[in-house]
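Here is what each chain is made of, one letter per residue.
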Amino acid sequence: MRNPKIIELAKTLGRTTGSVAYKLVNFARLDPKLQVRGIKGMQHGAKGEIEIWREFDDDPEALAFESERMVAMFTGQKLEEIAEIDERELPMEGLERERMVRVRVNQHFFRAAVLAAYDYKCCITGMAVPELLVASHIVPWAKDPKQRMNPRNGLCLNALHDRAFDRGLMSFDQDERLCFSKTFKIHESFRNEGLSWLLKFEGTQILLPKKFKPDRELLAQHRQRFGSRF
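In what follows, the accompanying structure is described. (Residues numbered from 1 in each chain as written. Predicted model: local features only at pLDDT ≥ 70, side-chain atom pairs only at ≥ 80, totals over all residues. Heavy atoms only, no water.)

**Let's talk about the overall build of the chain**
No. 1: When helices and strands are counted, the chain shows 11 helices and 4 strands.
No. 2: C-alpha extents for the chain along the principal axes are approximately 60 × 50 × 30 Å.
No. 3: Put simply, the chain has 230 residues, and 36% of those count as buried.
No. 4: Intrachain contacts of the chain at a sequence separation of at least 6 include 53% that bridge at least 24 residues.
No. 5: Where the 38 positive side-chain charges of the chain centre and where its 33 negative ones centre are 5 Å apart. (Helix = DSSP H or I, 4+ residues; strand = E, 2+ residues; numbered from the N terminus. Buried < 20%, exposed > 50% of the residue type's maximum accessible area, 1.4 Å probe, protein only. Contact = heavy atoms within 4.5 Å. Lys, Arg positive; Asp, Glu negative; His and termini not counted. Charge placed at Lys NZ, Arg CZ, Asp CG, Glu CD.)

Have a look at this one:
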């Protein structure tokens, strides 16, 4: 009830902070990830909560988009504004615009969830400059639609390490420690002092967030995808 975001949401909805907090607790009881951690929430909730959970459990992209659409409606903002979309980059109208808006809204939702989980700090360097941080997908967006909106499929990385991770030049071992590809480490460009900064973090363990810790199985999939390089 004292969470600033809960207070803000309650104000937006015109409800008490207590009612909003209890509703979220009721949803929490349905989350198997929380149940494993022993967080059971309220045992008795409304039937509608179960129906809503089932509706969105298999389609998190729909949940992300619908939630942002509702926020826009209640706050009187445009959806493009909520998602920080530059409308000059969009078609004027039509199905292509709708498709692009949906994708950009969901990407913004994923970024917000991941960066907030890591307290807006790179999980390798601790860098805390939001403009230089990326919510990096462990399993790429195009590879597995079911993992697109999963915050445990995300890492908060600075832009340089994100590019290296995305291109398979670096990964994480079974102990969640950073490792670089063999060919990358012997590349002559590492004689350059600037790029040597990238390499010096080898062996660094991920600075784990308090919530949405990266899924080890997904990290293993990333390693396996570029396995011959490590």
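Picking up after the structure, the text goes on.
**Some remarks on helix α8 (residues 159-166)**
No. 1: Along α8, the residues classified as buried are His161, Asp162, Ala164 and Phe165. For α8, the angular spread of buried residues about the axis comes to 165 degrees, placing them on one side.
No. 2: At the N-terminal end of α8, a side-chain oxygen is found 3.0 Å from the backbone nitrogen of Leu160, two or three residues along, and the residue is Asn158.
No. 3: Note on α8: the residue one or two positions beyond its end, Gly168, has a positive phi of about 75 degrees. (Arc of directions from axis to C-beta. Polar contact = N/O pair within 3.5 Å; in protein donor to acceptor, adjacent residues only side chain to side chain.)

**Focus: the layout of surface pockets**
No. 1: Estimated volume of the second largest pocket: approximately 220 Å³.
No. 2: In this structure, the second largest pocket is lined by Ala116, Ala117, Tyr118, Asp119, Lys121, Cys122, Cys123, Leu207, Leu208, Pro209, Lys210 and Lys211.
No. 3: Of the residues assigned to the lining of the second largest pocket, the class counts are 8 nonpolar, no polar and 4 charged. (1 Å grid on protein atoms, 1.4 Å probe; cavity = no way out; pocket = protein on both sides within 12 Å on 5 of 7 lines; lining within 4 Å. Points joined across faces, edges and corners; volume = space filled by probe spheres on them. Nonpolar A, V, L, I, M, F, W, Y, C, P; charged D, E, K, R; others polar.)

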